Amino acid sequence: MDYKTPFGVKIDLETGVIPGANKLVRRLSDMRGYFLDEKAYEELLKEDPIVYEVYAIEQEEKEGDLNFATTVLYPGKVGKEFFFTKGHYHAKADRAEIYCGIKGRGGMLLQTPEGEAKWIPMEPGTVVYVPPYWAHRTVNTGNEPFIFLAIYPADAGHDYGSIKEKGFSKIVIEEDGEVKVVDNPRWKL
Ligand SMILES: O=P(O)(O)OC[C@H]1O[C@](O)(CO)[C@@H](O)[C@@H]1O
Ligand SMILES: [Fe+2]
C-alpha cells in the first residue's frame, strides 16, 4: 500500500493565512453580474477591491480524501448588498462540507435547487454543516475581515453555473443600520 504522508499546518488566526497553501484572489472585477445594484458595481469597479482571498490545501480529486481552505472575506458593500463569496453547488452535488468561523462576523446563505433558502449567522467558533445538494455562499456582515475554514471532499468540485446565472433566492443587505435577509427581486427558478 502506498500511504500518503500525514501533516499538520498552523492557520494564522489573525490573518487566515495557511503557510504553503495555494492562494486565490477574487476581486470585484471577477464578480461581474453577481451583485444586484449594477450602478454601484460599476462605480466601485474603479477601485476594483479584493472581495476575498482563499488559501487552499487540496488533494487529488479522489473519493475519500479531503481538502481544506481558509477564506478571508473583506468587509464592504455593493449598494446595500454586503460582500460575499461567489457561491456554488458541488459538481458532485451529493458532497457535504463543514465550515468553521475563525474571525469576524457574517453568515452563510444556503439553498436547494428548488430555491429553498436558509441563513445561518456565523461568528468565531460557529460550525456550519452544509448538507449534500445545498448551494452555499458566505457573506461578511461586519466591518472587519470575516475569516473561516472550510473542509470538503477532495472530489466535490465546484459548480458555479446556476448561481452565477440566477443568484440566490435571498440577498443580504444593510437597511436602516440593520442586517436584513430579504427576497432577491431578480430571483427566478
Ligand atoms: O468557491 P467560492 O464560492 O468562491 O467560495 C470560496 C470558498 O468555498 C470553497 O470553494 C469551499 O466550498 C473554498 O475553497 C472557499 O472556502
Ligand atoms: Fe463548497
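From a predicted model like this one, the values you see are computed outputs, not experimental measurements. (Residues numbered from 1 in each chain as written. Chains lettered and ligands numbered in written order. Predicted model: local features only at pLDDT ≥ 70, side-chain atom pairs only at ≥ 80, totals over all residues. Heavy atoms only, no water.)

**Focus on the overall build of the protein chain**
Now for step 1: Secondary structure summary: the protein chain contains two helices and 13 strands in total.
Now for step 2: The C-alpha atoms of the protein chain give a radius of gyration of 16 Å, which matches the 16 Å a tight globule of 189 residues would have.
Now for step 3: When the 189 residues of the protein chain are sorted by exposure, 44% land in the buried category.
Now for step 4: Taking contacts inside the protein chain between residues at least 6 apart in sequence as the whole, the part at least 24 apart equals 67%.
Now for step 5: Surface exposure of the protein chain reaches about 10200 Å², of which carbon and sulfur atoms provide 52%. (Helix = DSSP H or I, 4+ residues; strand = E, 2+ residues; numbered from the N terminus. Rg over C-alpha atoms; globule rule 2.2 N^0.38 Å. Buried < 20%, exposed > 50% of the residue type's maximum accessible area, 1.4 Å probe, protein only. Contact = heavy atoms within 4.5 Å. Areas by Shrake-Rupley, 256 points an atom, 1.4 Å probe, with all protein chains shown as cover.)

**Let's talk about the UniProt feature "domain: Glucose-6-phosphate isomerase prokaryote" (unreviewed entry) in the protein chain**
Now for step 1: Look at the UniProt record and you will see "domain: Glucose-6-phosphate isomerase prokaryote" (unreviewed entry) annotated at residues 25–182.
Now for step 2: Helix makes up 9% of residues 25–182 and strand 45%, and the two end C-alpha atoms of the span are 28 Å apart. (UniProt positions renumbered as here; feature names shortened; annotations may be inferred.)

**Focus: the sheet that holds strand 3 (residues 66–73)**
Now for step 1: Read from one edge to the other, the open sheet built from six strands follows the order 1-2-3-11-6-9, with strand pairing classed as antiparallel. In this open sheet, the two strands that pair with only one neighbour each are strand 1 (22–27) and strand 9 (127–130). On average, each strand axis in the sheet is inclined to that of its neighbour by 20 degrees, with strand direction left out of account.
Now for step 2: Where strand 2 (residues 50–57) and strand 3 come together, six bridges link them in antiparallel fashion. Looking at strand 3, one finds that Ala56 is bridged to Ala69. (Pairing = 2+ DSSP bridges. Axes fitted to C-alpha atoms, helices over the stretch in contact; angles between N-to-C directions.)

**Let's talk about the pairing of strand 11 (residues 146–153)**
Now for step 1: Within strand 11, seven of the eight residues are buried, which leaves it mostly tucked inside the rest of the structure.
Now for step 2: Sheet analysis places strand 3 next to strand 11, joined by eight bridges and oriented antiparallel. In the sheet register, Thr71 faces strand 11, and the bridge partner there is Phe148.
Now for step 3: Where strand 6 (residues 97–103) lies against strand 11, five bridges are found, and the strand directions are antiparallel. Looking across to strand 11, one finds that Ile98 is bridged to Ile151.

**Some remarks on the environment of Gly79**
Now for step 1: Assignment of secondary structure puts Gly79 in the loop between strand 4 (77–78) and strand 5 (81–82).
Now for step 2: Dropping the residues within four chain positions of it, Gly79 is found in contact with Asp37 and Ala40.

**Regarding the side chain of Thr138**
Now for step 1: On the secondary structure map, Thr138 appears in strand 10 (residues 135–140).
Now for step 2: Here Thr138 falls in the buried class, since its relative accessible area comes to 2%.
Now for step 3: If we ignore the near neighbours within four places in the chain, the residues touching Thr138 are Leu73, Phe83, Phe84, Thr85, Tyr99, Gly107, Met108, Met122, Phe146 and Phe148.

**Observations regarding a nonpolar patch on the surface**
Now for step 1: On the surface, Leu66, Ile98, Val127, Tyr129 and Ile151 cluster together into a nonpolar patch covering about 460 Å² of accessible area.
Now for step 2: Mapped onto the elements, Val127 comes out in strand 9. (Patch = residues over 30% accessible without salt bridge, like charges linked within 9 Å, V, L, I, M, F, W, Y side chains within 5 Å. Salt bridge = Lys/Arg side-chain N within 4 Å of Asp/Glu carboxyl O.)

**Comments concerning the coordination of the iron ion (ligand 2)**
Now for step 1: Coordination sphere of the iron ion (ligand 2), protein contribution only: His88 (NE2), His90 (NE2), Glu97 (OE) and His136 (NE2), at 2.0 to 2.3 Å.
Now for step 2: All donors to the iron ion (ligand 2) come from one chain, and their sequence spacing reads H-x1-H-x6-E-x38-H. With Glu97 in strand 6 and His136 in strand 10, this pair connects stretches of sequence that are 39 residues apart. His136 carries the same exposure label as Glu97, and that label is buried. (Donors = N, O, S within 2.8 Å, 3.2 Å for Na, K, Ca; no water.)

**Describing the site of ligand 1**
Now for step 1: Around ligand 1 lies a shell of 16 residues, among which Tyr52, Thr71, Glu97, His158 and Tyr160 are the nearest.
Now for step 2: At a separation of 2.5 Å, an oxygen atom of ligand 1 approaches a polar side-chain atom of Tyr52.
Now for step 3: At a separation of 2.5 Å, an oxygen atom of ligand 1 approaches a polar side-chain atom of His158.
Now for step 4: Considering ligand 1 on its own, with 380 Å² of exposed area, one finds that the protein chains cover 96% of that surface.
Now for step 5: Breaking the shell around ligand 1 down by element, the ones donating at least two residues are strand 2, strand 3, strand 6 and strand 11.
Now for step 6: Per-class residue counts for the shell around ligand 1 are seven nonpolar, six polar and three charged. (Near = heavy atom within 4 Å. Polar contact = N/O pair within 3.5 Å; in protein donor to acceptor, adjacent residues only side chain to side chain. Nonpolar A, V, L, I, M, F, W, Y, C, P; charged D, E, K, R; others polar.)

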